[in-house]
Amino acid sequence: MKKFLAQSYIWIVLILLYSPLIFIAVFSFTESRVLGNWTGFSLKLYENLFSGGMNGSSSLMSAVKNTFIIAVIAASLSTILGTIAAIGIFNLRGRRKQTMQFLNNIPMLNPDVITGVSLFLLFVFLGFSQGYVTVILAHISFCTPYVVLSVLPRLTQLNPNTYEAALDLGATPSQALFKVLIPQLRPGMISGFFLAFTMSLDDFAVTFFTRGTIGLDTLSTYIYTDARKGGLTPELRPLMTLIFLIILVLLIILNVHQARQIKKQKKNEKISKYSAGSGFSHRLSRRS
Amino acid sequence: MIKRSNWSIPYFIFLILFVVMPLVLVAVFAFQDGSGRFTLANITRFFTDKDALATFALSIEIAIENTALCILIGYPVAWILSNKKYNHSTVTIILFILPMWINALMRTLATAELFNMLDFNLGKGTLLYGMVYDYLPFMIYPIYNILNKMDKSYAEAAEDLGANPWQVFWKVTFPLSIPGVASGILMVFMPTVSTFAISEFLTNGKIKLFGTIIQENINSSMWNYGAALSLVMLIIIGITTLFSHKEEENMEEGLI
């Protein structure tokens, strides 16, 4: 009985969480321009989305493209900057280390609006013309702390002797770095990259303030402008449905992969504290 | 690797440029008038502006209500999910996190449209529903995390010593999970105050939150007043962070 109550509670909350998503998904299969008005089954919205036909959906696709380009560039640069920074911070001691860690925490504590407004003022102050570059710089500034936090624990787990052994065996410092250190940091770098990537994809407020007036749109800003004009572009419905399905598949793959890794790790009796779900928790801790 | 400590320098410079400088500029702009002279007018304007103060109070009120609702709804979810008796699979946990990967604006709009279709009047009720909807996972996850890692022998010991399930929960499990709740509060409270867009969508523009008035001022080129409002918010963040600093320290392990 208790078990039944507990499980029905979980299911009720889940149904409430998913009802808007399912609602959108269902109405992506009808032609009506007004959401909630069923005019028979149709794949027309999907067709429009891909053919770029119908008013507005071509700019929708360019917004999707921008979102991805910005996320890839910002996440890559954050990963490089963050990994170098993590190696540096790891080797710092005392006051300086604390200062770096404190500074690294600021972007994570700042709400999006403040990050956006403050960067906007910076670019105004410096006289930067705002567009792609400023959005990417802004994204790097809030993504890098998460890369640092994903790489640092790897460094602590690392056996420092391997690096020195490489040097003793005649490797140059840069060889030792690329052949010994970086390969061992790779899992942290990869999870940092994906964290940065998803955060950049999801961002609205920071992009909104730093994109300037050149008409640069990401998916978030597109939706915002669209909704303010009244009425959502109907092609957003199939787009959201597809994004949802892709994420669902990715999460399943990722989880199977993680489960396998945990099994492997357990075999080796090395249970890393950065195992399953570290991605989720980082992402969740982001807005704190 | 000793010499590699200077590898933190590029990031240090980056942080100074793109994190510290912008925040300093917020303070600088807040104490300037349009032509760059020092003034306190922006700050005094906020404290005498009835609308801004009312928005501020409303934002805090909604944030408190949202946080409370998230705890009330989210804690039982986290507890059930962490309890081996009721839940064996990680799939359910993933199901709770999955919606967060969908663009937040899109989810919010979908919620608003759903209310529209059901002929609900958009207003404070729907705003709260949407806020809880958006932030619930941020409350569930840290609590789940700490409950899941908790040493079950404490609860068992209490049981062995004759505590009933109710007592076990309130005297053992709940006090041990407080750091998780604290970190959940941190993740829900401040972001609620600062959201914009979400409140507009869910109330048809009827209710503005503090984030919205910051955005409106910046967008209509009232940078100095916008900066002053941001400064007010920064100070509140500073206070909340200091306030929960201890809890946060306890939580660091749990978050990871």
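Up top is the structure.
Residues numbered from 1 in each chain as written. Chains lettered and ligands numbered in written order. Predicted model: local features only at pLDDT ≥ 70, side-chain atom pairs only at ≥ 80, totals over all residues.

Caption draft 1: Quick look at the overall build of chain B. Along its length, chain B carries 12 helices and zero strands. Listing every helix and strand of chain B by position from the N terminus yields α-α-α-α-α-α-α-α-α-α-α-α. Counting only C-alpha atoms, chain B reaches 70 × 65 × 30 Å along its principal axes. Taken across its 256 residues, chain B has 46% of its residues classed as buried. For chain B, the share of sequence-separated contacts (at least 6 apart) that also reach a separation of at least 24 residues comes to 74%. (Helix = DSSP H or I, 4+ residues; strand = E, 2+ residues; numbered from the N terminus. Buried ≥ 20, exposed ≤ 12 C-beta atoms within 10 Å, placed from the backbone. Contact = placed C-beta atoms within 7 Å.)

Caption draft 2: Spatial organisation of the overall build of chain A. Within chain A one finds 12 helices and zero strands. Along chain A, helices (α) and strands (β) appear in the sequence α-α-α-α-α-α-α-α-α-α-α-α when read from the amino end. Burial status across chain A gives 41% buried among its 288 residues. Once local pairs closer than 6 in sequence are excluded, the contacts in chain A between residues at least 24 apart make up 75%.

Caption draft 3: Looking closely at the interface of chain A and chain B. Each partner contributes residues to the interface: chain A has 69 residues there, and chain B has 77 residues. Among the elements that take part in the side of chain A that touches chain B, helix 1 (residues 2–26) of chain A stands out by supplying 14 residues, more than any other. By residue class, the composition of the side of chain A that touches chain B is 51 nonpolar, 14 polar and four charged. (Nonpolar A, V, L, I, M, F, W, Y, C, P; charged D, E, K, R; others polar.)

Caption draft 4: The packing of helix 2 (residues 41–48) of chain B against helix 11 (residues 223–243) of chain B, seen in detail. Residue and element names in this part refer to chain B. At a minimum axis separation of 9 Å, helix 2 and helix 11 run at an interaxial angle of 70°. As summarised for this structure, helix 2 and helix 11 are arranged roughly perpendicular, according to the angle between their axes. Remark: the crossing between helix 2 and helix 11 carries right-handed chirality. For the pair formed by helix 2 and helix 11, the contact residues are Asn42, Ile43, Arg45 and Phe46 on the first element and Asn224, Tyr225, Ala228, Leu229 and Val232 on the second. When grouped by side-chain class, the residues that make up the contact of helix 2 with helix 11 number six nonpolar, two polar and one charged. (Axes fitted to C-alpha atoms, helices over the stretch in contact; angles between N-to-C directions. Parallel < 35°, antiparallel > 145°, perpendicular 65-115°, else oblique. Left-handed = near helix turned anticlockwise from the far one by under 90°.)

Caption draft 5: Representation of the environment of A:Val13 in the model. Relative to the elements of secondary structure, A:Val13 occurs in helix 1. On the basis of neighbour counts, which here come to 19 C-beta atoms within 10 Å, the residue A:Val13 falls in the partly exposed class. Placed 154 residues apart in sequence, A:Val13 and A:Leu167 show a C-alpha to C-alpha distance of 57 Å. Residues within four places of A:Val13 in sequence aside, it is in contact with B:Ile73 and B:Val77.

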